[in-house]
Amino acid sequence: MSGLVLGITVEGENTTLRKPVALSSRHLRLHLRERPGAWPSFGIEVQEPDSPPPKVESPLPLVGPPVILTRGQPVEIDVVNHLKEPTAIHWHGMELESYYDGVPGFGGDALRTTPAILPGESFIAKMKPPEAGTFIYHTHWHDEQQVVNGLYGPLIVLEPGEKFDADHDKIFVFSFGKFLDPLGLALLLNGTPQPFQVRLRTGEKYRFRLINITANAVDMEVSLSSCGAPVEWKKLAKDGRDLPATLAVTAPAREVLTVGETRDFEFQSDRPGELRLEGLLPRSMRRVVLALVFEDKEHRD
Ligand SMILES: [Cu+2]
């Protein structure tokens, strides 16, 4: 990602290897596909258990769909590489066994090293999420072209019994992409430099999950503003961990969201109107803006 990376070799007797692997109660499949002649060059589909494989001809999303898991529930995710090049998928921020963490040639233990996923092959990542929160899955192949071409997505872990509420749980993924931009790579929000407005309701609480999976935007500023001034939101979580009560405060909605970071906020607007969610790279002045349009319930119904 960015900055110093430290690897550790732990010597001595390995006691964890003897632990039986928990039986998985859920199986998902992640299909990594090409998008011939299009930007981004690659796309991801998630296949839920017992559902037929997605049709190859159906359009691929610009950002990998959310992979939604449950804390404490063992899961196997079969990552299927339909690309013409090797790849690997890393489960960023989640604690799991090194071998399954998607860092080829580096992760693993005394007996085995994580392999690359070669074209036409697949790799089963086993995990049992220990924390509920917002994480990221992304390519960990040594080629920036993969992470700026759609091989990433949100990884959401819910508490047991909780259901993902798409109406009130909103995911905003900031990334880079090869869209026409005089400065090279464009700053994207949910896979596009010009995101379409999102319509929300006044008087209802929303959870906003912000993710920075750019290649290197360490100083990206994110703000939510009304008429040029930041509104206030409540800080909930950072990097997949709930904030302690002393830090879970209401504050002006302007934050630095560095590369590889996730942050969750709670927001409610009691007045109709248009708010501006913006990602800004201060050094290059590249930005991406999304309009959040709040409407009264009666107005929409
Ligand atoms: Cu990462």
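Since the model is a prediction, treat every value here as computed from it, not as a measurement.

Draft legend 1. Summary view of the side chain of Arg-263. Along the chain, Arg-263 turns up in strand 19 (residues 262-267). A polar side-chain atom of Arg-263 sits 3.0 Å from a polar atom in the side chain of Glu-261.

Draft legend 2. Fine view of the sheet that holds strand 8 (residues 152-158). Spatial strand order, 3-8-7-5: four strands in an open sheet with mixed pairing. Looking at the sheet topology across the chains shown, the edges are occupied by strand 3 (67-70) and strand 5 (89-92). When the angles between neighbouring strand axes are averaged without regard to direction, this sheet yields 25 degrees. Here strand 7 (residues 133-139) runs beside strand 8; their pairing, made up of six bridges, is antiparallel. Within strand 8, the position partnered with Thr-134 by the bridge is Ile-156.

Draft legend 3. Representation of the side chain of Ser-225 in the model. Its place among the elements puts Ser-225 in strand 13 (residues 221-226). Ser-225 sits in the buried class, given a relative accessible area of 10%. Look past the residues within four positions of Ser-225 in its chain and what remains in contact with it is Pro-230, Val-231, Leu-275 and Arg-276.

Draft legend 4. Molecular detail of the domain arrangement of the chain. Along its sequence, the chain is carved into domain 1 (26-158) and domain 2 (169-300). With 22 residues of domain 1 at the interface, the matching set in domain 2 holds 24 residues. For the domain 1 and domain 2 pair, buried surface summed over both sides reaches about 1,900 Å², with 65% attributable to carbon and sulfur atoms. Area buried by domain 1 at its contact with domain 2 is led by Trp-39, Thr-134 and Val-148, which between them contribute 31% of it. On inspection of domain 1 and its partner domain 2, the count reaches two salt bridges. Glu-95 is the salt-bridge partner of Arg-241, the closest N and O atoms lying 2.6 Å from each other. Here domain 1 is connected to domain 2 by eight residue pairs in polar contact (both at pLDDT 80 or more). Take the side of domain 1 that touches domain 2: its biggest share by element is five residues, from strand 7.

Draft legend 5. Highlighting the pairing of strand 12 (residues 206-212). Among the seven residues in strand 12, six count as buried, and that is most of the element. With six bridges connecting them, strand 9 (residues 169-177) and strand 12 associate as parallel partners. Among the inter-strand pairings, Phe-172 is bridged to a residue of strand 12, identified as Leu-210. With six bridges connecting them, strand 12 and strand 19 associate as antiparallel partners. From the neighbouring strand, Leu-210 faces strand 19, where its bridge partner is Arg-263.

Draft legend 6. Quick peek at the coordination of the copper ion. On the protein side, the copper ion has His-92 (ND1) and His-138 (NE2) as donor atoms, found 1.9 to 2.0 Å from it. Remark: His-138 occurs in strand 7 and His-92 occurs in strand 5; sequence separation between them is 46 residues. You can call His-138 buried: its relative accessible area is 2%.

Draft legend 7. Region of the structure containing the nonpolar core. In this structure, Phe-172, Phe-174, Phe-208, Leu-224 and Leu-292 are the most contacted members of the largest nonpolar core, which totals 41 residues. Built from parts of two domains, this core gets at least three residues from each of domain 1 (26-158) and domain 2 (169-300). With 27 residues, the next largest nonpolar core counts Ile-77, Ile-89, Tyr-99 and Met-127 among its residues.

Draft legend 8. Region of interest: the environment of Ala-132. Within the fold, Ala-132 resides in the loop between strand 6 (122-127) and strand 7. Overall, the relative accessible area of 13% leaves Ala-132 in the buried class. As a C-alpha pair, Ala-132 and Gly-240 span 108 residues in sequence and 6.6 Å in three-dimensional space. Not counting residues within four places of it along the chain, the set of residues in contact with Ala-132 comprises Arg-71, Val-157, Leu-158, Glu-159 and Gly-240.

Scoring rules and cut-offs
- Along every chain, residues carry numbers that run from 1 in the direction the sequence is written.
- Per-residue local features of the predicted model are confined to residues with pLDDT of at least 70, and side-chain atom pairs are confined, for both listing and counting, to 80 or more; whole-chain, interface and lining totals are unaffected and use all residues.
- Think of the side-chain values as coming from all heavy atoms in the structure, minus any hydrogens and water.
- Only DSSP runs of H or I reaching four residues or more are called helices, and only runs of E reaching two or more are called strands; each is numbered from the N terminus.
- Each polar contact in these results corresponds to two N or O atoms within 3.5 Å; when the atoms are within protein, one needs to be able to donate a hydrogen and the other to accept it, and residues that are neighboring in sequence are counted only if both atoms are side-chain atoms.
- Strands are treated as partners if at least two bridges between them are detected by DSSP.
- Only the contacting stretch of a helix is used when fitting its axis, a line to C-alpha atoms as for every element, and angles between N-to-C directions run 0 to 180 degrees.
- With a 1.4 Å probe rolled over the protein chains alone, any residue whose accessible area is under 20% of its type maximum counts as buried; one over 50% counts as exposed, and the rest are partly exposed.
- Two residues qualify as a contact provided that any one of their heavy atoms is within 4.5 Å of a heavy atom in the partner residue.
- Segment limits for the domains were obtained from an automatic or database-derived domain assignment.
- A quick way to say it: buried area is the sum, across both parts, of accessible area lost when two parts are put together, with a 1.4 Å probe.
- Here, a salt bridge means any side-chain nitrogen of Lys or Arg that lies within 4 Å of a carboxyl oxygen of Asp or Glu.
- Ligating atoms shown are N, O and S within 2.8 Å of the metal, or 3.2 Å for Na, K and Ca, and water is not included, meaning a site may look less than complete.
- For this analysis, a nonpolar core means a set of buried residues of the types Ala, Val, Leu, Ile, Met, Phe, Trp, Tyr and Cys, connected via side-chain atoms within 4.5 Å.

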